[in-house]
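# Analysis of the macromolecular model
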Amino acid sequence: MALLHDIQSALLDEKGGVGSTLLRLRFLASKLGSDILEEWVKHEADGYPTDAEVPDYRMTGVVYTGTFVDRARQLNNVPIPQHLVRTYGGDHWADFEIRDSLSVIDSMVARSENRGRYGIDCGDLILLLQGKIYVGMSCIAINSSIDIGSFVRVQQIVRSKVLDLTLELEKNVPAAAEIVVGQSAEAITPEDKAQVTHLTQQVFYGDVTNISSTGSSAQITLNVAKGSRDDLISALTGKGIPKKEAEELAAIAAAEQPEGVDEPFGKKGAKWLADKAKKGAMEIWGIGKEVGTQVVKEALMQYYGLK
């Protein structure tokens, strides 16, 4: 059986977990030569490291209750408002990032009851909220609760996205359906690899707005006033870079200085550009890596007043 069809069959068996299926998809991604697909599969299969951005579907809320005492009384299991958690503890206490691998999530879901719940260590939060909830009362315990449904949701969204991708690959990249473990298959062309990257971006990260492709020799004309965040964002989006990414780069530019008069990138800016290039983002946006790099460099040169 073709590997692509084997993955589809495994995904349609809802009694099975998703983690083991990702190993097959990881093998397929390697054969297809798609770095962006391999990276997504690696994070889902192995877990997201602390320096990796977690997708929206892996974000969930946490419910907290506390025990408070003074000399005369004790209040047990009192709900703690999220506003106070965010104010005194920070958003990361209210918005939990599920970084576990899919295999771990599969195991948690399999062990849980219908309304199972999980919690996190709240030792540090007790210190942060001490004296902030009830005046004159000490907080002696905080319990956290994360509904098992949050983990089920991750499991089902990943299952759905992978199935969508395999169906799109079957329709748009015929060579992908010829890959069989242990057997040689039709060579994957550069056009196939570009299509795989595009489909991966579309299924896993959402649609992006493309502009007409420009050649590598295209003249880059921008107008960014020194230090103007709005001009920088406008210039980048005007050349085809999505607004979210343009705002992301503008925030980085405002927070650091360039390495030198001829180098408009700081360390974070250079990493941002390298990450986008690695994922093939500029090709997906329709501007090409070379032109995209020129656009970003020119825009930052003007933003920093280097020309």
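From a predicted model like this one, the values you see are computed outputs, not experimental measurements.

### A short note on unusual backbone geometry
We note that Asn77 has phi near 50°; this positive angle belongs to a residue other than glycine. In this fold, Asn77 is placed in strand S3 (residues 74-79).

### Some details on the packing of helix H1 (residues 3-12) against helix H2 (residues 19-32)
The interhelical angle for the contact between H1 and H2, taken along N-to-C directions, is 160°, at an axis separation of 10 Å. Comparing the axis directions of H1 and H2 gives the class roughly antiparallel. Considering only the axes of H1 and H2, their crossing is left-handed. In this structure, H1 contributes Leu3, Leu4, Asp6, Ile7, Ala10 and Leu11 to the contact, and H2 contributes Thr21, Arg24, Leu25, Phe27 and Leu28. Partitioned by chemical class, the residues of the contact of H1 with H2 number 8 nonpolar, 1 polar and 2 charged.

### Some points on the confidence of the model for the protein
Do not read the predicted coordinates in detail wherever pLDDT is low. Mean pLDDT over the protein stands at 84; residues scoring 70 or higher make up 90%. Ranking the elements of the protein by mean pLDDT puts helix H13 (residues 281-285) last with 70 and strand S2 (residues 63-69) first with 95. Low pLDDT, under 50, characterises residues 207-218; the predicted model gives this stretch 25 contacts beyond four residues in sequence or across chains.

### Observations regarding the packing of H1 against helix H8 (residues 149-172)
Packing of H1 against H8 brings their axes to within 10 Å, and their N-to-C directions diverge by 150°. It follows from the interaxial angle that H1 and H8 lie roughly antiparallel. In terms of crossing hand, the pair formed by H1 and H8 is left-handed. Where H1 abuts H8, its residues Leu4, His5, Ile7, Gln8, Ala10, Leu11 and Leu12 lie against Arg159, Val162, Leu163, Thr166, Leu167, Leu169 and Glu170. Of the residues in the contact of H1 with H8, the class split is 9 nonpolar, 3 polar and 2 charged.

Criteria and cut-off values
- Residues numbered from 1 in each chain as written.
- Predicted model: local features only at pLDDT ≥ 70, side-chain atom pairs only at ≥ 80, totals over all residues.
- Heavy atoms only, no water.
- Helix = DSSP H or I, 4+ residues; strand = E, 2+ residues; numbered from the N terminus.
- Axes fitted to C-alpha atoms, helices over the stretch in contact; angles between N-to-C directions.
- Parallel < 35°, antiparallel > 145°, perpendicular 65-115°, else oblique.
- Left-handed = near helix turned anticlockwise from the far one by under 90°.
- Contact = heavy atoms within 4.5 Å.
- Nonpolar A, V, L, I, M, F, W, Y, C, P; charged D, E, K, R; others polar.
- pLDDT = per-residue confidence, 0-100.

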